[in-house]
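# Topology and contacts: notes
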Amino acid sequence: QFQLTVPVAVVFAPGSVPGDLPRPLPFRDVQEMEIPVNLRTSVTSRYETVYRSTTAQENIALHAATAQEADAALHPLQDALLGSLTVYVVSETSSLLPQGINVYVGKHRSALVRAGSGLATLHSRLQQLTQVMSFTSSSIAAALSDGVPDGQLGPDARRHLKSSLGYEITFSLLNPDPKSHTVDWDIEDAVNRYVQPVLDKLSLVANFSVDSQILYYAVLGVTPRFDKESSSFLLSTHSLPHVINPVEARLGSSATSLYPVLNFLLYVPERSHSPLYIQDKDGAPVSTNAFHSPRWGGIMVYNVETPTSPQALFPLHVEVDMVRVMEVFLAQLRLLFGLSREELPTEFLMESPGNEGLADWELDRLLWAHTIENIATVSTTLTSLAQLLDKIGNIVIKDDVASEVYRAVSSAQSAMAKLAAGHLHSAFQASKEAVTSSERAFFDPSLLHLLYFPDDQKFAIYIPLFLPVAVPILLSLAKIVRETKQRKKEPTKMD
Amino acid sequence: GGMAAVALVLLLLLAAAGPVWARPDVLREELLLSPLPAGDVAATFQFRTRWDADLQRGAVSHYRLFPKALGRLVAALGIRELHLALTQGFWRTRTWGQPPLQAPAGAELWVWFQPTVTDVDKAWKELSNILSGIFCASLNFIDSTNTVTPTASFKPLGLGNGTDHHLLRYAVLPREVVCTENLTPWKKLLPCGSKAGLAVLLKAERLFHSSYHSQAVHIRPICRDASCLAVSWELRQTLTVVFDSFASGQGKKDWSLFRMFSRTLTDACPLASQSKVYVDISPKNKEKELLEVTPPPASLYEAVVQGEKRTYAVYDLLSPLLFNTSRSLNVQLKWTRPQDSSELPTPVLHAHRYVSGYGLQTGEISTLIYNTHPYRAFPVILLETVPWYLRLYVHTLTIITKGKENKPSYIHYQPAQDRRRPHLLEMLIQLPANSVTKITIQFERALLKWTEYPPDPNHGFYVGSSVLSALVPSIIAMKEVDMEQSPLFTSLFPSSDGSSYFVRLYTEPLLVNLPTPDFSMPYNVICLTCTVVAVCYGSFYNLLTRTFHVEEPSRGGLAKRLANIIRKLRGVPPL
């Protein structure tokens, strides 16, 4: 039912136009692709492509020395519509791209592609590129994962956070041994410097609130194993699932809001257990000394150098190196949002997103996935509401609940229409409204099914009536049966 | 050269003290042990976190010692002051004396909101729901039927003189039972948890094996320094417990930390900047020292607390000398000779309340307020909240002191609305010296709808404690003390001047029986009617469906045969 339209502009630099182009430039072309999700749902992706040649300004920009500079110069020349893509095709021999790299993805919504030998090569490159920069079949499947049977999805898809209107990010410093270490971290500065730019960029997707706390005497749930060779303590992969539970009891829930919480824990091991290293599946220590838990957050172990002299004064004062910590946490944050940069062909080159931590097209990817997920959520919420109504016939639907349901349906429909028209931003807004309305309708306190008296108990109350009434009826039924049997036995007697 | 050396020493000292004093948040912990006249021991824990940050601005989101859950609550709901107490048992003021902190039985919550809060009732509802989640208590049962807005009894304890009492909400749930599930989240709010420091003693199985247990959370804004240009936030977690050591100690009044808590103190919380144990060893009855505390205290502290001169033995857990001789601190107290318990000093102000009358239609609530001060009269504010199902007759309100009618100088009465709000009665009553004041008011018991009865309605309905607030004149002159330096137990209520001290007392909660229907009656009626209907149905059914035909006289029934046997015996022809 879904149709996703991506407006793509393919711009040919002079000397890069392939010879076997079907029509003279400029022209329009539409490509449709079917993405099967399950038996009922299928998603059609539609790439509305405009082919044209460069303008004079773009030509100047493409004459920059490096791809980065060209990307920066081209940025003001594009329309900044969310979800749209601009691909610049440069000639095969262009020096803009480094040797062996055929595709360069910029910081914004544009990319540079080598023309290749013919139209076929160009087409396949364009197809790969558009999928990377907007959505792939797996990202669509992950977003619709409620309707997809388990097992079809990789571990990656399950890792992503569910789409929500807001997220709460909590950084916690765990100091289980305040007698030996006084740990200080300049979290306020680190958040302002590293996390806030990313969240400003992501503010289009959801509301974010950030806070931090220090927890003392909070210990991990497992005792690490001592390794004699390296004289250090090791946490193996299979024990990591047991680490989180006892800590989580101390983290405290977010009582003031209903948004999901992302926890990032920095664990300073107690003196008797340090240094502490996390092992991967092969037994080698993990270089970042951190791990993350899908849809929950991440934990990083921060080892404190033990003083060489035994007369060292305790507690030791420790100042946390926030750059190291934030690098790990930001990488985990990207992973939790499903923005990993894996599984790319080698001929692709990505521009690092810089201080913002997130390129424009990555934001688009997130918006595509979240919009689809929101619509799927609305449909499941309304379906289960309908199922509830089917089960309890005499439930009362108040006018405000009904209007919320109507609003949810109409918003979801408009979101789908806007997706089909290629207006990503307004589609996302509409899908958010649909989720809000449908949740409000579903969680309305008047729809609690315990409020309604179940029918089987009504029957139980009237058993004193039904039982004595049933006795003579059953007896006479038995009598009728007996008599008909006798009548069959002696049919001749009647004559 | 000399100057340089002095400067260097100063610098070193500053460097050593620097990290401690530079912190914007400070934790102090304190335990007060006071032997009560009747042989019980009261232990009052106080943990105070003071944070030099303005929670209201919303910009603060990085927590260290202050618990994040409460900090976010204060910021999100616009709370200026929050006082929550969960109590099991009743503090017997008459025999135990004036408590450092009293709370009514059950749950008590009173909150001042910021003037910026537009919908106070909504914030109050949201707050009680969140708090019930944090503390695992049934505070979500706080609604408009048990919430009142007192006008005079509850003033803000922190900064700012609250005059707009519309920002205040007060509710008591007298039926609330306090147990370990409330203690655990309370302990979790402490920076050291129950892993180190004084909180090690908080072992649930001992704390609830006591005559009185009260745990509280107080949040308020205070002045950052003497000039009071900036605001700091203070979180006080207090826990008071009374052990009946006379009964558990085989008739002896001696006690020790280990006997009370089955733990001893081994260290201070490493995060606390002060960690002290105070033992009240003030001589009673102006006699010689009757008490002997071991180990010998390092210092003594003398103060005038609640109108009495008191002496405390002080143990500083942060001083390295304390743990030199032994690894743990087990404070013990012995009475050197048996104390004559006949002469108990009665507190200056105490009160007693009961419900009287017979039958299930009307009744009377009586409150007795005692002023035992020999020569000073003082006013007291009485706050009475009565649920709507007890309909008060205000014209029957009588206040009698020494046989004469006592006219209150201020009355605020808000009548109840059925199923909407409770009665609120606030009065300012002058108590003459050495007098008993009796306040009576009659009420009628309302009939509830059958769904409004709680489970086990024959247990009765609770009426929350009434609250007495007074500035009691002191017999001994008090000195002005610096709040920041004095022990915590003296500094929650500000004393207005040197001649009087503030006391808040709670009376007993009342248990009132309401006319209760027989809840099994509807089912009985259904059963009976159904049986009657079924019997009628059965006979009609038989009448309608049976075919009647004349029975041929066969050998006859049993009676006929018996008769024939008798006839045969008699020689008469058979029937």
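Residues numbered from 1 in each chain as written. Chains lettered and ligands numbered in written order. Predicted model: local features only at pLDDT ≥ 70, side-chain atom pairs only at ≥ 80, totals over all residues. Heavy atoms only, no water.

Named according to an unreviewed UniProt entry, chain B is PIGT transamidase originating from Eubucco bourcierii.

An unreviewed UniProt entry annotates chain A as PIGS transamidase of Eubucco bourcierii. Per UniProt, chain A carries the Subcellular location (unreviewed entry) text "Endoplasmic reticulum membrane". In its Pathway (unreviewed entry) section, the UniProt entry covering chain A states "Glycolipid biosynthesis; glycosylphosphatidylinositol-anchor biosynthesis." (UniProt positions renumbered as here; feature names shortened; annotations may be inferred.)

### A closer look at the overall build of chain A
When its secondary structure is counted, chain A shows 14 helices and 17 strands. A compact globule built from 495 residues would reach a C-alpha radius of gyration of about 23 Å, whereas chain A, at 32 Å, exceeds it by more than 25%. Per-residue burial over chain A gives 49% buried out of 495 residues. Put simply, 75% of the contacts in chain A that link residues at least 6 apart link residues at least 24 apart. Carbon and sulfur atoms make up 57% of the accessible area of chain A, which totals about 24,600 Å². Across chain A, the mean location of the 39 positive side-chain charges is 11 Å away from that of the 52 negative side-chain charges. (Helix = DSSP H or I, 4+ residues; strand = E, 2+ residues; numbered from the N terminus. Rg over C-alpha atoms; globule rule 2.2 N^0.38 Å. Buried < 20%, exposed > 50% of the residue type's maximum accessible area, 1.4 Å probe, protein only. Contact = heavy atoms within 4.5 Å. Areas by Shrake-Rupley, 256 points an atom, 1.4 Å probe, with all protein chains shown as cover. Lys, Arg positive; Asp, Glu negative; His and termini not counted. Charge placed at Lys NZ, Arg CZ, Asp CG, Glu CD.)

### Focus on the overall build of chain B
The helix and strand tally for chain B stands at 11 helices and 26 strands. Out of the 575 residues belonging to chain B, those deemed buried represent 49%. Of all intrachain contacts in chain B linking residues separated by at least 6 positions in sequence, the fraction that spans at least 24 positions is 75%. By element, 59% of the accessible surface of chain B is carried by carbon and sulfur atoms, the whole surface being about 27,800 Å².

### Description of the packing of aromatic side chains
Residues and elements named next belong to chain A. With the rule as written, the count across this model stands at 31 aromatic pairs over all chains. A centroid spacing of 5.0 Å and a plane angle of 70° characterise the contact between F135 and W368, whose relative ring orientation is edge-to-face. Note that F135 is positioned in the loop between α3 (119-133) and α4 (137-143) and W368 in helix α9 (residues 360-391), a separation of 233 residues in sequence. The two residues F135 and W368 agree in class, both being buried. Seen in terms of ring centroids, F208 and F337 are 5.9 Å apart; in terms of plane orientation they differ by 65°. Their pairing is edge-to-face. Linking F208 in strand β9 (residues 207-216) with F337 in the loop between α8 (322-336) and β17 (348-350), this pair joins segments that are 129 residues apart in sequence. (Phe/Tyr/Trp six-rings, centres within 6.5 Å; stacked < 30°, edge-to-face > 60°.)

### Remarks on the interface of chain B and chain A
Of the residues lining the interface, 31 residues belong to chain B; the matching set on chain A comes to 32 residues. Counting the surface lost from both chain B and chain A, the interface buries some 2,800 Å², and carbon and sulfur atoms represent 61% of this. It is H62(B), K68(B) and R72(B) that lose the most area in chain B upon contact with chain A, and together they represent 22% of the buried surface on that side. Where chain B packs against chain A, one counts 4 salt bridges. For the salt bridge of D211(A) with R72(B), the shortest nitrogen-to-oxygen distance reads 2.9 Å. Within the residue set of the side of chain B that touches chain A, elements represented by two or more residues are α2 (68-77), α4 (120-135) and α10 (521-545) of chain B. In terms of residue count, the dominant contributor to the side of chain B that touches chain A is α10(B) (10 residues). Tallied by class, residues from the side of chain B that touches chain A come to 19 nonpolar, 4 polar and 8 charged. (Buried area = accessible area lost by both parts, 1.4 Å probe. Salt bridge = Lys/Arg side-chain N within 4 Å of Asp/Glu carboxyl O. Nonpolar A, V, L, I, M, F, W, Y, C, P; charged D, E, K, R; others polar.)

### Examining helix α10 (residues 399-421) of chain A
All names here are of chain A. Across its 23 residues, α10 extends 33 Å between first and last C-alpha, which sits within 8% of the 33 Å expected from 1.5 Å per residue. Listing the buried residues of α10 in full gives V401, E404, A408, S411, A412, A415 and L419. Note on α10: the residue one or two positions beyond its end, G422, has a positive phi of about 90°. (Expected span 1.5 Å × (residues − 1).)

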